[in-house]
Each structure stands twice: as structure tokens, then as C-alpha cells.
Amino acid sequence: MKINYIGHACISIQIDDIEILVDPFITGNPLIKNADITQFKPDYILITHAHQDHVLDVEKIAKQSDAQVISNAEIIGYYTNKGLKNLHAMNTGGSFDFPFGKVTSTIAFHSSSFADGSHGGNPNGYLIKTKEKQIYIAGDTALTHEMKLLPKLYGKIDWSILPIGGNFTMGAKEAVMAAEFLKCDKVFGYHFDTFPPIKINHEETKAIFTEKNIGLILPSIGESVEI
Ligand code: NI
Ligand code: MN
């Protein structure tokens, strides 16, 4: 299983020969020079919420790849109206077995509307449980007590992908406590540095995690991590 950091909150997860693209925001990312999305051919596109910095490239990539789009009911309804056909609607608290593993839609405390003002439902995170590992993608969220339920209900979480940029979401201090709530000592940080309000001091961020003995990957754009 491999996590590739495409940038901001966009990651691609490789599980055997299946690729899941999460929150595609590539052409609008100021840190990605000469972004070319024509080569993206994922099998699935997983969307946490409707904000532009998570969905900008969904339509184009879904059309060119025929990837199945997985998200909440409102976001799936929005893309049904845009003409996409291969869709799977879920909602908070629900789980579904896909060919690559079980996906559970989790609680996120944030907001969710499209750039055109359409309602995007409630924001979510996702647990993905394969035969080998379980990962948690928090999505944009505040720290919440609900995170404590996840290992209790769904078992060991091997890796947590958590926002660490602050301002719109948790920052490092809250993300460390989230890792404690999740009983997970391996964090893959995301949603940082892309825009001025979420620029972080890398050394200070690493120190906050080290102090609590939580492992942190602060990925560079394009970096792949075998997990
Ligand atoms: Ni957001
Ligand atoms: Mn965001």
C-alpha cells in the first residue's frame, strides 16, 4: 500500500493495482508548477467535502478515467446533475465494502459548500480498511471527541492522514491530540503550506509531534510513502 502526496489535501492511495484519488485539487494548487492532469487515471475518486480546494479537478478526472466517485449524498447528487454516471453515495457513519476494502464515512467538524453556492452536505473523513492495514483520512476538520470512537469501533488505525495547517482546520497541536484519540502513532500531515494562512513552521511542527512520541511525515509534493 502506498500513499502519494499530490499536494494540499490531494493524495493518491495505491492498494495492489487499484488507485484511489482523494480530493483532487491540482490545477489550482499554487505550489504545483505546470500541473497536467491528463495522466490521472484513478479507479476511484473519494471526496471529503465540497470546498473548491478539494473538488476543483473532480469532473475532468472522473470523465477521462471513468473512476467511480465516492462521497456523501449531496456531493453525489451534484455530480449526477453534471452528467457523471459512475457514482457511489454514502453518508456519515455508514460503511461499504468496495473491491479494495471497507470504507467508513466518519464525522468531520467543518463546512461544505461548492464554489457556486450549492449545498455540499456535511463534511466527512474516511477510514479505509484493507486486508493489511487501516488508514484514516480526516478531511478538513477540527479536533473532535468522536475520533475516540474510531479505534474502539473499527480496530487499529495504522496511519492517520490529518490536516496540520491550522486556520481552516486543526493545527499541529490539535493533530497530536487527534493521534492520541485515534490511538495511532503514525501521522501523515496534509493541508499545510498551500496558501499564506496555512503556512507552517516545519521545525516547530515536527517538535510538537516528537515531544509526544508521535511519528510525523511532512510530505513534499510528489513524495510517495510505502506504508
Ligand atoms: Ni474545507
Ligand atoms: Mn480545505
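Everything quoted here is computed from the prediction, not taken from an experiment. (Residues numbered from 1 in each chain as written. Chains lettered and ligands numbered in written order. Predicted model: local features only at pLDDT ≥ 70, side-chain atom pairs only at ≥ 80, totals over all residues. Heavy atoms only, no water.)

1. What about the coordination of the nickel ion (ligand 1)?
Each donor-metal-donor angle in an ideal tetrahedron of four donors is 109.5 degrees, and each such angle in an ideal octahedron of six donors is either 90 or 180 degrees.
Part 1: The protein atoms that coordinate the nickel ion (ligand 1) are His49 (NE2), His51 (ND1), His110 (NE2) and Asp140 (OD), at distances of 2.2 to 2.3 Å.
Part 2: Coordination at the nickel ion (ligand 1) comes from four donor atoms whose angles at the metal span 90 to 176°, giving a geometry best classed as irregular.
Part 3: The sequence pattern describing where the donors of the nickel ion (ligand 1) fall on their chain is H-x1-H-x58-H-x29-D.
Part 4: For His51, a relative accessible area of 17% gives the class buried.
Part 5: Residue His110 is classed as partly exposed on the basis of its relative accessible area, which comes to 25%. (Donors = N, O, S within 2.8 Å, 3.2 Å for Na, K, Ca; no water. Tetrahedral: all angles 85-135°; square planar, octahedral: opposite > 155°, others 65-115°. Buried < 20%, exposed > 50% of the residue type's maximum accessible area, 1.4 Å probe, protein only.)

2. Here's the deal with the packing of aromatic side chains
Part 1: Counted by the stated rule, this structure contains ten aromatic pairs.
Part 2: Aromatic pair Tyr5 and Phe188: ring centres 6.0 Å apart, planes at 65°, arrangement edge-to-face. Note that Tyr5 is positioned in strand 1 (residues 2-7) and Phe188 in strand 12 (residues 186-190), a separation of 183 residues in sequence.
Part 3: Taking the centre distance of 5.2 Å and the plane angle of 90° together, the rings of Tyr78 and Tyr79 count as edge-to-face.
Part 4: A relative accessible area of 2% means that Tyr79 is categorised as buried.
Part 5: What links up through ring pairs into an aromatic cluster is the set Tyr44, Phe96, Phe98 and Phe100.
Part 6: Taking the ring centre of Phe181 as reference, the NZ or CZ of Lys148 above it sits at 4.6 Å. (Phe/Tyr/Trp six-rings, centres within 6.5 Å; stacked < 30°, edge-to-face > 60°. Helix = DSSP H or I, 4+ residues; strand = E, 2+ residues; numbered from the N terminus. Lys NZ or Arg CZ within 6 Å of the ring centre and 35° of its normal.)

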